[in-house]
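Coordinates in review
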Amino acid sequence: MSIKGMSQGLLRWVSDDQVRRVLTWDLLLPAVRQVLQAFTLGPDHCDGAVQPLRSRIKVNQHNGILLTMPGMMAGSSMTVKILTAYPDNSAKGLPSHSSTILHMDPKTGLIEAILEGNAITEMRTAAASAVATLEIMSARDDQRRGKDLVVAVLGAGAQAYSHARVMAHILKTDKVVVWARRTEAADQFCQTLQAEGIPAMVAATVQEAVVDADVINCCTATSTPLLQAAWIKPMAHINSVGAPHPDHQELEEELIRNAIVYTDSYNSAKNESGDVIKSGAAVYAEIGEILLQRKPVLTDRITIFKSLGLAVEDTVAAQLVCELLKAEENQ
Ligand SMILES: NC(=O)C1=CN([C@@H]2O[C@H](COP(=O)(O)OP(=O)(O)OC[C@H]3O[C@@H](n4cnc5c(N)ncnc54)[C@H](O)[C@@H]3O)[C@@H](O)[C@H]2O)C=CC1
Ligand SMILES: O=C(O)C1=NCCCC1
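Predicted, not measured: the structure shown is a model, and the values here were computed from it. (Residues numbered from 1 in each chain as written. Chains lettered and ligands numbered in written order. Predicted model: local features only at pLDDT ≥ 70, side-chain atom pairs only at ≥ 80, totals over all residues. Heavy atoms only, no water.)

Here we have eight strands laid out as an open sheet, ordered E11-E10-E9-E12-E13-E16-E14-E15, and parallel in their pairing. Taken across any chain shown, the strands that pair with only one partner, and hence form the sheet edges, are strand E11 (200-202) and strand E15 (285-286). Strand direction decides the pairing type here: strand E10 (residues 175-179) and E11, joined by three bridges, are parallel. When the bridges of E11 are listed, Val176 appears paired with Ala200. Relative to strand E9 (residues 150-154), helix H4 (residues 158-171) is tilted by about 170°, and along the sheet it contacts E9, strand E12 (215-218) and strand E13 (237-240). In this fold helix H5 (residues 183-195) packs onto E9, E10 and E11, with an angle of close to 170° to the strand it touches most, E11. (Pairing = 2+ DSSP bridges. Helix = DSSP H or I, 4+ residues; strand = E, 2+ residues; numbered from the N terminus. Contact = heavy atoms within 4.5 Å. Axes fitted to C-alpha atoms, helices over the stretch in contact; angles between N-to-C directions.)

Right, here's the structure in full:
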């Protein structure tokens, strides 16, 4: 939909439904792979991305947080995402996260589009986990797909859904084991996945969900550690998406300290990840460094991708969505 801007001509307004309709994993994964590299290349490289640490305001009175996330891709596209996270909203029947993305033309600075940001946030975060998972599995020489591979998903919120979907897409697994705090939410999650042809089953405990898992996706809003080292197979890979705040943790300290830790951003990990800050765990590499072959992939232990979320992932996803919608209109 287009709306008349006050001073700058036609603006595009894009809903989450439109994003979900046009954005596919096959289009998004290569774009996110490229942006993870661009982020590591940094602002001084002609193909690099520019992104400061996001600003964060704690809304203590209402247990909320307001984040602003500006980013620019190599002078070709730029966005600012404004996002709130209010964990208590879920109990009120409201979404816990709410976001909007402003998409600007870097040549003129004019705002070209305003996008609802929830679908993009769900999909680009899962896409980054997928890129990390594939890279680490391929370095382990692990070509297993389908029935030999068990995927666990912890949580039953927006990130849990997108992670289950992308993992089923890339790994063709025959077994997705889900665990959520509320049994009804886990049952509903499982039924939705099954209706989409994803073979899912519910586990009664976190331990039961992860004990046989090769790839574990930690997607809860917990603030205290949920996942313990003793439950996990020695060569498992973990995507840790929750606890993106300095005072939150989702991984037992012993687990992260003894694992090989990858991240999307060193700067975010050291400033925003309670799992990294509180445990004192060393971060081995940015996934971008691995993709650029600046560092070898280490895989002789449990591996963890500690995801904090990059503004420039939103930038490339928003750019892609706008291009796809434009192409549709010109058909
Ligand atoms: N790394 C990244 O790029 C991103 C990280 N996030 C973070 O990922 C987490 C999940 O996000 P969404 O799925 O969007 O949230 P959501 O609100 O849709 O789902 C949260 C899930 O966590 C569960 N949960 C809450 N507290 C829990 C606890 N103490 N123990 C166990 N389960 C608990 C809820 O029941 C629900 O299933 C949040 O911490 C969010 O801030 C979200 C977006 C991007
Ligand atoms: O990158 C994001 O988007 C988010 N990261 C952590 C908090 C929720 C949103």
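All right, on to the site of ligand 2 then. Around ligand 2, the surrounding shell consists of Arg54, Leu67, Met69, Lys81, Leu83, His97, Thr121, Arg124, Pro244, Leu308 and Gly309. Note that an oxygen atom of ligand 2 is positioned 3.1 Å from one of the side-chain N or O atoms of Arg54. Leu308 is positioned with one of its backbone polar atoms (N or O) 3.3 Å from a nitrogen atom of ligand 2. When the free accessible area of ligand 2 is taken as 260 Å², the share hidden by the protein chains comes to 92%. Those elements that place two or more of their residues in the shell around ligand 2 are strand E5 (64-73), strand E6 (77-85) and helix H3 (118-139). When grouped by side-chain class, the residues that make up the shell around ligand 2 number five nonpolar, three polar and three charged. Summarising the domain contributions, the shell around ligand 2 has at least three residues from each of domain 1 (2-120 + 312-329) and domain 2 (125-311). (Near = heavy atom within 4 Å. Polar contact = N/O pair within 3.5 Å; in protein donor to acceptor, adjacent residues only side chain to side chain. Areas by Shrake-Rupley, 256 points an atom, 1.4 Å probe, with all protein chains shown as cover. Nonpolar A, V, L, I, M, F, W, Y, C, P; charged D, E, K, R; others polar. Domains from an automatic or database assignment.)

On to the domain arrangement of the protein, then. Segmentation of the protein into domains returns domain 1 (2-120 + 312-329) and domain 2 (125-311). In this structure, domain 1 and domain 2 have C-alpha centres spaced 23 Å apart. With 26 residues of domain 1 at the interface, the matching set in domain 2 holds 34 residues. When domain 1 packs against domain 2, close to 2500 Å² is buried across both sides, 62% of that on carbon and sulfur atoms. The salt bridge partner of Arg56 is Glu272, with a shortest N-O separation of 3.4 Å. (Buried area = accessible area lost by both parts, 1.4 Å probe. Salt bridge = Lys/Arg side-chain N within 4 Å of Asp/Glu carboxyl O.)

A few words on empty space enclosed by the protein. In this approach, a probe sized like a water molecule rolls over the atoms, and the result shows the empty space that is left. If you walk through the whole model with that rule in mind, you get one cavity of 30 Å³ or more. In this structure, the largest cavity spans a volume of roughly 50 Å³. Lining the largest cavity, in full, are Gln51, Pro52, Leu53, Arg54, Met69, Ser268, Glu272, Gly309 and Ala311. Residues of the lining of the largest cavity, tallied by class, amount to four nonpolar, three polar and two charged. For the lining of the largest cavity, the domains that each give at least three residues are domain 1 (2-120 + 312-329) and domain 2 (125-311). (1 Å grid on protein atoms, 1.4 Å probe; cavity = no way out; pocket = protein on both sides within 12 Å on 5 of 7 lines; lining within 4 Å. Points joined across faces, edges and corners; volume = space filled by probe spheres on them.)

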